[in-house]
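Now for the letters of each chain:
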Amino acid sequence: MKRYGLALLFFVVFCSAAAAEVFHTVDANKDEIMVNTTLELDCSQAGSNCPVNSWRLSWSMPENSQVISVKDSYGNITDYTFSSGELDISTNSGPPRETERVKISTVVPSEAEEIHDGLFKQEISLAGLPGEQTAGVVRNPDIISGWTSGRFNESFSNGEMKFRGTGSTNIRVNFGKGNKTSYYEFFGGNPDNTSLAYQIGVGMTGLSKPFDRFPVALMDSEEYEGSVTSWSSGEYVAGSFRMREGLEDRFLPVLVHETVHGLNERRLEWDRTSSSWFDEGTAKYVESMTSRYVNGEERTRKLFSEDTVYYETRNGTRYKVTLPSSGNPDALWSYYQGNRSFMKNWNPRKYPSQRDFGYAYSELIIRNYVVNQNKSLRNLYNQLNPDKPIETNTEKWSFYSRILELEPCNFESRERFDRCLERINEYDYKVYRVENFSRQDTSMDVQPLEIDQSEPVRFSGVGNVSMDSSKVQSNLFSILGGFEDFLQNIWGRLDRWIR
């Protein structure tokens, strides 16, 4: 699961007759954030009234900022005021000139939030001028990962996160000292054999991240449900994961799922909508493929199909295990026959009663592409190049409809519908991994994994296990489906109003 809505305030600079390039140097620790900002002012781009003797500008900052000093090329600036988050500056007067450099030093009292067991985060908004370059560096010796809003690029090395883009940005850095593995840093545990999760995530998507490791907070159920949700097993937010402890054979697939969210974030930055069906669909697809490798094909849930039944012998006792289908076929048939369309706006928080259906439908779209095109998920990402950010769910659905079949297996005949689903479930999917990958190496050695059907890597089910949530979902569907179609119109209006 990926949490949406991480947002801070945007702070904007207003200059009189000037363009500006901005560079921020940020030192973020547990108690405060120190920011040194350099503005390169240039009046020549403004046309008239250049050169000038001095500049006047207004620079926005967090209201609790403490201004340490303001300087220009002539020394300290004393003609400034700071009130209600606005720093109004008049530079020192001097001979007419086209350029000037202003340096602003501030401290923002900000206690870092401890995500879990020594993993911390700090967040700050940094100002910039729309359309003008903004760059900088965030320093903390224990930086693990980070995130910037907007079309900014980041790079990480030696306790620094460098960033570059245009305009204002919001920044989050995750830092601490945990248990390091090749691609993850764990807080609250130290699981073994986790490299495969990242290798499969990269191998299946062809995407990578700009930092060495994802920080992962491993929480017991009580703490996890207190900070995330009771129905999920993992959550990705801004370069970090929260995960439940005790997932056993589900641990690696869930870790892969969250890894795909982390890989998707920058690649799908142009998607500014509230729906998450594509992001969740790709994550669920790679999770399912990982489960095929870890547990074997016969021990993996099918999509919109009959329950999977098999037998497991443990300690000399034979147990019957029932895995419910991911999504009920009658619910999908009802969705199509009723001409419903809430999947255009779906995310798991907005449609709680259709959460299982939504995850399954999202994955079905991706599987259908792989089956019908006989291509890997990597090929799909190569086609995702909109020429501008996409702001609405309707626009997003239209964009993807040119690449994907968004109503897979939607036939008038129930027989054709069933055969289509059977074909998707019985397809010989390939699971790919990338070996010996580092972010400094631009090439990827992607190889398929051999799935051993006779010996699952790990399995933890015991006893007669029967899960009927998908059948309950089918009964609720006819009652709630139409109501949620009605609600999607309200959500669409709220999305536009919130923006």
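You'll find the structure just up there.
The following refers to the structure shown. A quick note: this is a predicted structure, and the numbers were derived from the prediction, not measured.

The next point concerns the overall build of the protein chain. Check the secondary structure of the protein chain and you find ten helices and 25 strands. In the protein chain, buried positions account for 54% of the 499 residues. In the protein chain, 71% of the contacts between residues at least 6 apart in sequence involve partners at least 24 apart. About 22,700 Å² of surface is accessible on the protein chain, with carbon and sulfur atoms providing 44% of the total.

Strands sit in the order β10-β11-β16-β13 across an open sheet of four strands; the sheet is antiparallel. Looking at strand neighbours, the two that pair on one side only are β10 (113–116) and β13 (143–148), the edges of this open sheet. Strand-to-strand twist across the sheet, computed as the mean angle between neighbouring axes with direction ignored, equals 25 degrees. Strand direction decides the pairing type here: strand β11 (residues 119–126) and strand β16 (residues 169–176), joined by eight bridges, are antiparallel. Bridge pairing links Q122 to V173 in β16.

Going through the model one piece at a time under the given rule, you end up with two disulfides. In the protein chain, the bonded cysteines, taken in the order they occur along the sequence, pair up as 1-2, 3-4.

Glancing now at the environment of F82. Following the sequence through the fold, F82 ends up in strand β7 (residues 80–83). With 17 residues separating them along the chain, F82 and S65 place their C-alpha atoms 9.2 Å apart. Apart from the residues lying within four places of it in its own chain, the contact partners of F82 are M61, P62, E63, S65, V67 and L87.

A few words on the pairing of strand β21 (residues 240–244). Of all five residues in β21, five are buried; the element is thus mostly enclosed. Of the two faces of β21, the one lined by S240, R242 and R244 and the one lined by F241 and M243 are each fully buried. Inspection of the sheet shows strand β19 (residues 214–219) paired to β21 by four bridges, in the parallel sense. Its bridge partner being in β21, A217 is matched across the sheet by R242. The pairing of strand β20 (residues 234–237) with β21 spans four bridges and is classified as antiparallel. Bridge pairing in β21 places G234 opposite M243. The antiparallel hairpin formed by β20 and β21 contains two residues in its connecting segment, where A238 sits at a positive phi of about 45 degrees.

As a further point, take the packing of helix α5 (residues 329–337) against helix α9 (residues 414–426). One way to put it is that α5 packs onto α9 with a least axis distance of 12 Å and a crossing angle of 125 degrees. Judged on the interaxial angle alone, α9 and α5 are oblique. Seen along the crossing, α5 lies across α9 with a hand that is right-handed. Together, P329, D330, L332, W333 and Y336 of α5 and R414, F417 and L421 of α9 make up the contact between the two elements. Residue classes in the contact of α5 with α9 are distributed as six nonpolar, no polar and two charged.

Each strand in a sheet pairs with its neighbour through backbone hydrogen bonds, running either in the same direction (parallel) or in the opposite one (antiparallel). Strand order in the open sheet formed by five strands is β17-β18-β19-β21-β20, and the pairing between neighbours is mixed. In this open sheet, the two edge strands, each paired with only one partner strand, are β17 (179–180) and β20. With respect to the sheet, helix α3 (residues 251–267) is in contact with β18 (184–187), β19, β20 and β21, its orientation differing from that of β20 by roughly 20 degrees.

Grouped burial of nonpolar side chains is what soluble globular proteins tend to show. By size, the foremost hydrophobic cluster in this structure holds 94 residues, and its most contacted members are Y184, F278 and Y400. Counting residues per element, this core draws most heavily on helix α6 (residues 355–373), at ten residues. When sequence neighbours within four positions are dropped, the list of residues in contact with Y184 reads N179, T194, A197, Y198, R213, F214, V216, F241, L255 and T259. In terms of nonpolar packing, the next biggest core, distinct from the first, is built from 17 residues, A20, L41, I104 and A127 among them.

The backbone of S84 sits at a positive phi, close to 50 degrees, despite the residue not being glycine. Checked against the element boundaries, S84 lands in the loop between β7 and β8 (86–90). Unlike most non-glycine residues, C409 shows phi in positive territory, near 65 degrees. Along the chain, C409 falls in the loop between α8 (393–401) and α9. The class of C409 is buried, set by a relative accessible area of 1%.

Conventions and cut-offs
- Residues numbered from 1 in each chain as written.
- Predicted model: local features only at pLDDT ≥ 70, side-chain atom pairs only at ≥ 80, totals over all residues.
- Heavy atoms only, no water.
- Helix = DSSP H or I, 4+ residues; strand = E, 2+ residues; numbered from the N terminus.
- Buried < 20%, exposed > 50% of the residue type's maximum accessible area, 1.4 Å probe, protein only.
- Contact = heavy atoms within 4.5 Å.
- Areas by Shrake-Rupley, 256 points an atom, 1.4 Å probe, with all protein chains shown as cover.
- Pairing = 2+ DSSP bridges.
- Axes fitted to C-alpha atoms, helices over the stretch in contact; angles between N-to-C directions.
- Disulfide = S-S within 2.5 Å.
- Parallel < 35°, antiparallel > 145°, perpendicular 65-115°, else oblique.
- Left-handed = near helix turned anticlockwise from the far one by under 90°.
- Nonpolar A, V, L, I, M, F, W, Y, C, P; charged D, E, K, R; others polar.
- Core = buried A, V, L, I, M, F, W, Y, C linked by side-chain atoms within 4.5 Å.

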